[in-house]
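Structure assessment
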Amino acid sequence: MLFITNRFPTQSIKSRVGRAFDFDLKNNAASNSVFYCRRLGKDKYEEIGGFNLMSELKSSPYRQLLVYLHGFSNLPEAVFDGAAELQALCDKRKQKELLVLPVVWPCDDDQGIVKDYWDDQKAADASAFSLARVLGHFMKWRDDAQRNPTDDPCLKRINMLAHSMGNRVLRETLCAWDKYDLPSGVPLLFRNTYLVAADIENESVHKGHAGELISHASRNVVVYYASDDLALRSSKVANLKNKIASRRLGHTGPRTWPSRRRTFTPWIVTT
């Protein structure tokens, strides 16, 4: 399984293709470096480099890609288990259609859900700058005439699935990328973006709010929400502890429903 991470390794932060890569699980800080890797087996990984990973994705037999941003309180092996389950479901539906690519951002392994939640929220925000570099790296690879020539372009559709606090990571990553690196706004990157049990404010995806960029980067945005989501109730408890009262997108859906005539937010909302 291929994956991308901004977690610190126990080895040097200096990238080197072919080296062993081991997660430093005691460090939940977001690294400024990004590592492009392959999972060889349980707790066994190697670094392969960004351009190599992207070229391997291009040459894979799968027709589409699904980038998976996990939720809070997930250590790497739990993320890979979830990605493998998601891959199995996709393969069951249609073979060689959708390849899952997990992005592992640094969650905490402290005990206690409220403490874990607040620490992970900080890590989600801090991950924005390094993961924005991944998007810039992809654009550089896409425009590289040698690695992705015009007579042999990458035609795979890219989809995004963000779960729980992974939605915060996605939102902040697009904001950081737009603010610091893009002169003309966020480009259309994703065919479909799925916001599942989204742990962000329910007005986030509206025009004028930070999550609006998710719509700019996506052809379709699908919001999955459920009023009986117990994990999001824990989120509300954690935010109230810090005197922040807000309804969560994954609990109520968007605060207001978009008009069919308004095209700035092309979401589809399902229950």
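Residues numbered from 1 in each chain as written. Predicted model: local features only at pLDDT ≥ 70, side-chain atom pairs only at ≥ 80, totals over all residues. Heavy atoms only, no water.

**Quick word on the pattern of salt bridges**
Taken as a whole and judged by the stated rule, the model has 11 salt bridges. Among the salt bridges present, the one from Glu46 reaches Arg38, with a minimum N-O distance of 3.2 Å. Judged by relative accessible area, which is 22%, Glu46 ranks as partly exposed. Exposure remark for Arg38: the relative accessible area of 23% places this residue in the partly exposed category. For Arg168, the salt bridge identified is with Asp125, shortest N-O distance 2.7 Å. Taken as a pair, Arg168 in helix H4 (residues 166-180) and Asp125 in helix H3 (residues 113-142) lie far apart in primary sequence, 43 residues in all. Looking at Arg168, the relative accessible area reads 12%, which means it is buried. Through salt bridges with shared partners, one network takes in Arg38, Glu46 and Glu56. (Salt bridge = Lys/Arg side-chain N within 4 Å of Asp/Glu carboxyl O. Buried < 20%, exposed > 50% of the residue type's maximum accessible area, 1.4 Å probe, protein only. Helix = DSSP H or I, 4+ residues; strand = E, 2+ residues; numbered from the N terminus.)

**Brief notes about the nonpolar core**
By size, the foremost hydrophobic cluster in this structure holds 54 residues, and its most contacted members are Leu174, Trp177 and Leu195. The greatest single-element share of this core, amounting to 11 residues, is contributed by H3. Leave out the neighbours within four places in its chain, and Trp177 touches Ala132, Leu135, Gly136, Met139, Leu182, Val186, Pro187 and Leu189. With 17 residues, the next largest nonpolar core counts Phe3, Ala83, Val100 and Val104 among its residues. (Core = buried A, V, L, I, M, F, W, Y, C linked by side-chain atoms within 4.5 Å. Contact = heavy atoms within 4.5 Å.)

**Some words on the side chain of Arg171**
Locating Arg171 in the fold gives a position in helix H4. According to the relative accessible area criterion, Arg171 is buried, its value standing at 7%. Those residues in contact with Arg171 that sit more than four places away from it in its chain are Ile200, Glu201, Ser204, Ala210, Gly211 and Ile214.

**Here's the deal with unusual backbone geometry**
Its identity as a non-glycine residue notwithstanding, Asp43 has a phi of 60°, on the positive side. The topology assignment puts Asp43 in the loop between strand E3 (35-41) and strand E4 (44-47). Positive phi is not limited to glycine here, since Ser73 has a value of about 55°. Tracing the backbone through its elements, the reader meets Ser73 in the loop between strand E5 (64-69) and helix H2 (76-93). For Ser73, a relative accessible area of 35% corresponds to the partly exposed category.

**Focus: helix H1 (residues 50-59)**
Taken together, the buried positions of H1 are occupied by Gly50, Phe51, Leu53, Met54, Leu57 and Lys58. Summarising the axial view, the buried residues of H1 lie within an arc of 160°, below the 170-degree limit, and thus occupy one face. (Arc of directions from axis to C-beta.)

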